[in-house]
Amino acid sequence: MELSHCRVLAVDDTKLNLDILVNSLGADYELAVALDGVTALKMVQASPPDLILLDIMMPGMNGYEVLAKLKSRPETSAVPVIMISALSDLHTKSRGFQLGAVDYVSKPFEVEELRARVRTHLSLAQAHKDLRRHNEILEEKVRERTRELILTQQATIESMAALAEYRDPETGLHIHRVKGYVTLLAEELRSLPNYAGLLSRDYIEILALSSPLHDIGKVGVPDQILLKPGPLNADEFREMQRHTDYGRNAILSVQKKLGSMPFLKIAEDIVYTHHEKWDGTGYPRGLAGTDIPLSGRIMALADVYDALISRRVYKAPFTHTRAMEIIIDGAGTHFDPDLVSVFGEFAPGFRQVALFNSESDEQREALMC
């Protein structure tokens, strides 16, 4: 904006002083005047000016009171105010600055000095506006880029998870149920003091977003093992265990192409460690306790609960009550005891997630018991 288009409001209870201000500044700016504080506030509320010249000693509402009200209102707090007064003692000036004035001009003022100060503060105010607009544009660009990244993450996850769905007939609604369990468990765990700093809203969102990838490595398991209609022998089970390595390698491959992203790191931990056990007897590395990433510990419990309440070629779905008993019995051996404690308290939420995404009447009936 050209400074000649700036709007200046002069407030003084003496008409002669306003005439002097109009003569001094009227040719350079769009100048409006007010003879008292109440009128000035109404004018500012109707249309905030770019700068205000404010007399201190006025009847009724003095300049300090006007200034305080201007600075207390969000829509006018940024408008620069220059105090003008015949009072020139230090206390008078200090009070004005404390209330938010940007400058102080003593009466009688030198016209050129007044013009210079008005021009300086209008230029500063305009620079601040330009900076705010620039920052708003940058913030919008950041938001747009963030939206693009989220879409990229979702597309990546959906594409990779779809591969697992095509290979494993047991994956389908399983990944939707597990996503619900993971979110519920993490949200409730967040209320515990030891986890409040670990489980931020962003972390939980990324955890849920990444959870469908936990079994992506099954795409590397041979069909005769993955689809075998019965228990696996020792060699077959060792091959099945390798799905954690296959999955991790797939995530690492994506990381090389897309770069480091929080959701890929969490996805890597989930894929690679969700079969580790609290007592160190799990796979692939035999990690124990808190050496297992929190995301892997959460996924381990969610994954096992869902396997228990789901039909497999070698078993019918367990009841919700029986699944609860198995999970609780596994505290300190298979599962993190803190997670089991939270699960025990909020197991009805798990049941509701499972019912909403149930696959058969048989599963629904088991969940009701």
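For the structure, see preceding data.
Residues numbered from 1 in each chain as written. Predicted model: local features only at pLDDT ≥ 70, side-chain atom pairs only at ≥ 80, totals over all residues. Heavy atoms only, no water.

K.L.:
Explain the overall build of the chain to me, and be specific about the residues and the numbers.
P.N.:
Looking only at helices and strands, the chain features 16 helices and five strands. Considering the chain as a whole, with its 369 residues, one finds that 42% of them fall into the buried category. Counted over contacts in the chain with a minimum sequence separation of 6, partners at least 24 positions apart contribute 63%. A total of about 18,700 Å² of accessible surface is found on the chain, and carbon and sulfur atoms cover 55% of it. (Helix = DSSP H or I, 4+ residues; strand = E, 2+ residues; numbered from the N terminus. Buried < 20%, exposed > 50% of the residue type's maximum accessible area, 1.4 Å probe, protein only. Contact = heavy atoms within 4.5 Å. Areas by Shrake-Rupley, 256 points an atom, 1.4 Å probe, with all protein chains shown as cover.)

K.L.:
Explain the packing of aromatic side chains to me, using residue names and the numbers behind them.
P.N.:
Enumeration according to the criterion identifies six aromatic pairs in this entry. The interplanar angle of 85° and the centroid separation of 5.4 Å between the aromatic rings of Tyr305 and Phe350 together place this pair among those described as edge-to-face. One end of the pair, Tyr305, is in helix α13 (residues 294-308); the other, Phe350, is in helix α15 (residues 337-356), and 45 residues separate them in sequence. By the burial criterion, Tyr305 is buried, and Phe350 matches it. Every member of this aromatic cluster is reached through a ring pair, and the members are Tyr181, Tyr305, Phe343 and Phe350. Residue placement shows Arg248 over the ring face of Tyr272; its charged tip is 4.6 Å from the ring centre. (Phe/Tyr/Trp six-rings, centres within 6.5 Å; stacked < 30°, edge-to-face > 60°. Lys NZ or Arg CZ within 6 Å of the ring centre and 35° of its normal.)

K.L.:
Would you mind going over the pairing of strand β3 (residues 51-55) in detail, with residue names and values included?
P.N.:
The element β3 is extensively covered by neighbouring structure, given that five of its five residues are classed as buried. Alternating positions in β3 separate into two faces, Leu51, Leu53 and Asp55 on one and Ile52 and Leu54 on the other, with burial throughout. The pairing of strand β1 (residues 7-11) with β3 spans four bridges and is classified as parallel. Of the residues in β3, the one forming a bridge with Ala10 is Leu53. (Pairing = 2+ DSSP bridges.)

K.L.:
Explain the pattern of salt bridges to me, and be specific about the residues and the numbers.
P.N.:
For the structure shown, the criterion picks out 22 salt bridges. In this structure, Arg117 and Glu113 form a salt bridge, with 2.6 Å as the shortest nitrogen-oxygen distance. Note that Arg117 and Glu113 are positioned in helix α5 (residues 111-167) at a spacing of four residues, about one turn of the helix. Given the relative accessible area of 25%, Arg117 is considered partly exposed. Here Asp269 ties to Lys265 by a salt bridge, and the two come within 3.4 Å at their closest N and O atoms. Remark: Lys265 and Asp269 occur in helix α12 (residues 262-273); sequence separation between them is four residues, near one turn of the helix. (Salt bridge = Lys/Arg side-chain N within 4 Å of Asp/Glu carboxyl O.)

K.L.:
Quick rundown of the nonpolar core? Include the residues and the values.
P.N.:
Tyr181, Ile298, Leu301 and Tyr305 are the most contacted members of the largest nonpolar core, which totals 44 residues. Elements supplying a minimum of two residues to this core: α6 (174-189), α8 (201-210), α11 (243-258), α12, α13, α14 (320-329) and α15. The dominant element in this core, judged by the number of residues it contributes, is α15, at eight residues. In contact with Leu301, other than residues within four places in its own chain, are Leu185, Ile327, Phe335, Leu339, Val340, Phe343 and Phe350. Counting 20 residues, the second-largest nonpolar core is a separate cluster that includes Leu9, Ala40, Tyr64 and Ala101. (Core = buried A, V, L, I, M, F, W, Y, C linked by side-chain atoms within 4.5 Å.)

K.L.:
Go over the packing of α6 against α8 with me, naming the residues and quoting the values.
P.N.:
A pair of packed helices is characterised by two quantities: the angle between their axes and the separation of those axes. One way to put it is that α6 packs onto α8 with a least axis distance of 9 Å and a crossing angle of 160°. With respect to α8, the axis of α6 lies roughly antiparallel. Read as a crossing pair, α6 and α8 show a hand that is right-handed. Where α6 abuts α8, its residues Lys179, Val182, Thr183, Ala186 and Glu187 lie against Arg201, Ile204, Leu207 and Ala208. Per-class residue counts for the contact of α6 with α8 are five nonpolar, one polar and three charged. (Axes fitted to C-alpha atoms, helices over the stretch in contact; angles between N-to-C directions. Parallel < 35°, antiparallel > 145°, perpendicular 65-115°, else oblique. Left-handed = near helix turned anticlockwise from the far one by under 90°. Nonpolar A, V, L, I, M, F, W, Y, C, P; charged D, E, K, R; others polar.)

K.L.:
Summarise the side chain of His214; cite the residues concerned and give the values.
P.N.:
Relative to the helices and strands, His214 is located in the loop between α8 and α9 (223-226). Residue His214 is classed as buried on the basis of its relative accessible area of 1%. Here Ser211 takes part through its backbone oxygen, which lies 2.7 Å from a polar atom of the side chain of His214. Excluding residues that lie within four positions of it along the chain, His214 makes contacts with His174, Ile175, Val178, Ile270, Val271, His274, Met299 and Asp303. (Polar contact = N/O pair within 3.5 Å; in protein donor to acceptor, adjacent residues only side chain to side chain.)

K.L.:
Outline the environment of Ile270, listing residues and values.
P.N.:
With respect to the element layout, Ile270 can be found in helix α12. Under the relative-accessibility criterion, Ile270 is labelled buried at 0%. In this structure, the C-alpha to C-alpha distance between Ile270 and Ser211, residues 59 residues apart in sequence, is 7.1 Å. Sequence-distant contacts of Ile270, defined by excluding residues within four places in its chain, comprise Leu207, Ser210, Ser211, His214, Ser295 and Met299.

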